[in-house]
Amino acid sequence: QVQLVESGGGLVQAGGSLRLSCAASGRRAYNMGWFRQAPGKEREFVAAIRWNDDSTLYRDSVKGRFTMSRDNALNTVYLQMNSLKHEDTAVYYCAATGMWSSYFTRADFGSWGQGTQVTVSS
């Protein structure tokens, strides 16, 4: 098992940037993902990074704006979010999985952080 703690959320104007961090404790060789959940909506996949080669995967609506990266020495993953839009407003969750897929769902991830709120004002 791995424990995950997110940070870096906040309030930002549309067009601005935020960087989310997710610190992991425990086993290191996990593929990591970011999900988000807006009020009244399902939790949706945002991005993932593979532990052994840093391959990344993004949902279409964030491609070119969001970048996921990892620092293995710190056992931390990041989500750099640029050109933020009002529709990016959500609670963002970090998650860990032992599998890799070209299409991730919530059920593929077994460990979750507590979430961090991102609010983008229009």
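Structure's up top.
So, here is what we can say about the structure in this document. (Residues numbered from 1 in each chain as written. Predicted model: local features only at pLDDT ≥ 70, side-chain atom pairs only at ≥ 80, totals over all residues. Heavy atoms only, no water.)

This next bit is on the state of the cysteines. Between two cysteines, a covalent bond joining their sulfur atoms is known as a disulfide. Within this structure, the stated rule accounts for one disulfide. Here cysteine 22 is linked by a disulfide to cysteine 94, with a sulfur-sulfur distance of 2.0 Å. Residues cysteine 22 and cysteine 94 share a disulfide whose torsion about the S-S bond is about -80 degrees; that sign makes it left-handed. With a gap of 72 residues between them, cysteine 22 in strand E3 (residues 18–26) and cysteine 94 in strand E9 (residues 90–97) connect regions that are remote in the sequence. You can call cysteine 94 buried: its relative accessible area is 0%. (Disulfide = S-S within 2.5 Å. Helix = DSSP H or I, 4+ residues; strand = E, 2+ residues; numbered from the N terminus. Buried < 20%, exposed > 50% of the residue type's maximum accessible area, 1.4 Å probe, protein only.)

Moving on: the nonpolar core. Membership of the largest hydrophobic core comes to 28 residues, with the highest contact counts inside it found for Met32, Trp34, Met68, Leu79, Met81 and Tyr92. For this core, the elements supplying multiple residues, two or more each, are strand E1 (2–7), E3, strand E4 (31–37), strand E5 (44–49), strand E7 (66–71), strand E8 (76–81), E9 and strand E11 (116–121). With residues near it in sequence (within four places) discarded, leucine 79 still touches Leu18, Arg19, Leu20, Trp34, Val46, Ala47, Phe66, Thr67, Met68 and Tyr92. Phe35, Ala48, Ala95 and Phe109 belong to the second-largest nonpolar core, a separate cluster that totals six residues. (Core = buried A, V, L, I, M, F, W, Y, C linked by side-chain atoms within 4.5 Å. Contact = heavy atoms within 4.5 Å.)

Here we come to empty space enclosed by the protein. For the structure shown, the criterion picks out one cavity of 30 Å³ or more. When its volume is computed, the largest cavity comes out at roughly 70 Å³. Contributing to the lining of the largest cavity are 13 residues, with Ala24, Met32, Arg70, Asn75 and Val77 lying nearest its centre. Those elements that provide at least two residues to the lining of the largest cavity are E3, E7 and E8. Per-class residue counts for the lining of the largest cavity are six nonpolar, three polar and four charged. (1 Å grid on protein atoms, 1.4 Å probe; cavity = no way out; pocket = protein on both sides within 12 Å on 5 of 7 lines; lining within 4 Å. Points joined across faces, edges and corners; volume = space filled by probe spheres on them. Nonpolar A, V, L, I, M, F, W, Y, C, P; charged D, E, K, R; others polar.)

Our focus in this paragraph is unusual backbone geometry. Despite not being glycine, aspartate 54 has its phi angle at roughly 60 degrees, a positive value. With respect to the helices, strands and loops of the structure, aspartate 54 is situated in the loop between E5 and strand E6 (56–58). What makes aspartate 54 partly exposed here is its relative accessible area of 38%. Within the chain, asparagine 75 stands out as a residue other than glycine whose phi angle is a positive 55 degrees. Among the secondary structure elements, asparagine 75 is positioned in the loop between E7 and E8. Judged by its relative accessible area of 10%, asparagine 75 is buried.

Another aspect to go through is the side chain of asparagine 31. Relative to the helices and strands, asparagine 31 resides in strand E4. Here the side chain of asparagine 31 touches methionine 99 through a polar contact of 2.8 Å, landing on its backbone oxygen. Those residues in contact with asparagine 31 that lie beyond four places of it in its chain are Ile49, Arg50, Trp51, Ala95, Ala96, Thr97, Gly98, Met99, Trp100 and Phe109. (Polar contact = N/O pair within 3.5 Å; in protein donor to acceptor, adjacent residues only side chain to side chain.)

On their own, these measurements won't tell you what the molecule is for.
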